[in-house]
Amino acid sequence: MKMQGVAVVLLLCAVAVQGKVFERCEWARLLKSRGMDNYYGVSLKEWVCLTQHESNYNTRATNRNTDRSTDYGIFQINSRYWCRDDGVNSANGCGISCSALLSDNPTVAINCAKRVVQDPQGIRAWVAWQRHCQGRDLSQYTAGCGVYATAARFHTDRSGSKKESRSSSAVVKKMKMKGVAVVLLLCAVAVQGKVFERCEWARVLKRSGMDNYHGVSLKDWVCLTQHESHYNTEAINNSNTDGSSDYGIFQINSRYWCRDGGVNSANGCGISCSALLSDDPTVAINCAKRVVRDPQGIWAWVAWQRYCQGRDLSQYTAGCGV
């Protein structure tokens, strides 16, 4: 989080004891009910995006920074400027103890975030917003949550006529297949596929035998797919520099694992790439199993290397009963 012009490295080190880890839609609805949509010009989608990248919606996430300050809670509020924790000298702009930001009831955290965004920096106080949310189509962060029930499909123009609304989304990811690093600028299709909730997806993977499949834990799979596609079954990336495309919830690459009529394909899974876009993820899961049996194993996904490898991933299955 960037506070008062000081860039702070945000390598999130979650506490061993898990707090309340919200589901994406559960959190979006709560923020909506607390008046966060367009609060100081910041959309609900931006708040959901920001908190996903700051804490993965974990109320008790903490991060120790190199300047000895600490970031607390679901918004990763910094102790040097906004709360007091008996560590560094603090301006304590929110007038609270930092421990109050770790409650499973996020009321204090939301009120403090409102105070932060009133500062001249506004939403730019959070570097995670700048890196992952700014200038991007964020529709996936509230997709299927029912927070825009009357406006999700249509908008009304100045003449009073209803016009159909369309959107696309872009999420920067990387995936490495067969030793080839491919830049994944994910361009999701306009029509959203099935977007799983975290725990819903964890339970599907568990039932499908993915926990410790070829040594890869359930937490690794949930982490990987969150960073590849945000659990969207119809996510597609057509922007790879080698002309290949990546498909579905696992972002399976067309050069090596499926055939789409584009680049020549080894078609290691023996399928049409379109089969990876079904709301029923059975084909996608079976193909991911085939990928992980390859000599590279889980290393085929650069997203796993960057966001999951060697980290405490307990938050990805917390509260899921798996």
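This text goes with the structure placed above it.
Residues numbered from 1 in each chain as written. Predicted model: local features only at pLDDT ≥ 70, side-chain atom pairs only at ≥ 80, totals over all residues. Heavy atoms only, no water.

Asks: Any chance you could break down the side chain of K114 for me, citing the residues and the numbers?
Replies: Within the secondary structure, K114 is located in helix α3 (residues 107–118). Salt bridges are absent for the buried K114, whose nearest opposite-charge side chain, D37, sits at 12 Å. What K114 contacts, discounting residues up to four positions off in sequence, is R34, M36 and Y39. (Helix = DSSP H or I, 4+ residues; strand = E, 2+ residues; numbered from the N terminus. Buried < 20%, exposed > 50% of the residue type's maximum accessible area, 1.4 Å probe, protein only. Lys, Arg positive; Asp, Glu negative; His and termini not counted. Salt bridge = Lys/Arg side-chain N within 4 Å of Asp/Glu carboxyl O. Contact = heavy atoms within 4.5 Å.)

Asks: So what about the sheet that holds strand β10 (residues 246–247)? Which residues, and what values?
Replies: With antiparallel pairing, 3 strands are arranged side by side in an open sheet as β9-β10-β11. Two strands lie at the open edges of the sheet, namely β9 (236–237) and β11 (252–253), each paired on one side alone. As paired strands, β10 and β11 are joined by 2 bridges and run antiparallel to one another. For D246, the partnering residue across the bridge sits in β11 and is N253. (Pairing = 2+ DSSP bridges.)

Asks: Could you give an account of the packing of aromatic side chains, naming the residues involved and the relevant values?
Replies: On inspection of all chains with the given rule, the structure shows 10 aromatic pairs. Where F22 meets W27, the ring centres are 5.0 Å apart and the plane angle is 45 degrees; that geometry is what we call tilted. An identical accessibility class is assigned to F22 and W27; each is buried. Here a set of aromatic residues connected by ring pairs shows up, and it is made of F22, W27, W47, F75 and W126. When the ring centre of F196 is taken as origin, the NZ or CZ atom of K194, which lies over that ring, is 5.0 Å away. Across the ring face of Y213, the terminal group of K289 is positioned such that the distance to the ring centre comes to 5.3 Å. (Phe/Tyr/Trp six-rings, centres within 6.5 Å; stacked < 30°, edge-to-face > 60°. Lys NZ or Arg CZ within 6 Å of the ring centre and 35° of its normal.)

Asks: Give a detailed account of the state of the cysteines, specifying residues and quantitative values.
Replies: A full pass over the atoms with the stated rule returns 8 disulfides. Residue pairing for C25: its cysteine sulfur links by disulfide to C145, the two sulfurs lying 2.1 Å apart. When the S-S torsion is -75 degrees, as for the bridge of C25 with C145, the disulfide is left-handed. Here C145 lies in the loop between α4 (127–132) and β5 (154–156) and C25 lies in helix α1 (residues 24–33), a separation of 120 residues in the sequence. Residue C25 shares its accessibility class with C145, and that shared class is buried. Paired by a disulfide, C94 and C112 hold their sulfur atoms 2.0 Å apart. Between C94 and C112 the disulfide shows an S-S torsion of about 90 degrees. By sign, it is right-handed. (Disulfide = S-S within 2.5 Å.)

Asks: Could you give an account of the environment of Q134, with specific residues and numbers?
Replies: Residue placement: Q134 occurs in the loop between α4 and β5. Here the alpha-carbon distance between Q134 and R124, two residues 10 residues apart in the chain, equals 9.1 Å. The residues contacting Q134, other than those within four sequence positions of it, are R124 and W129.

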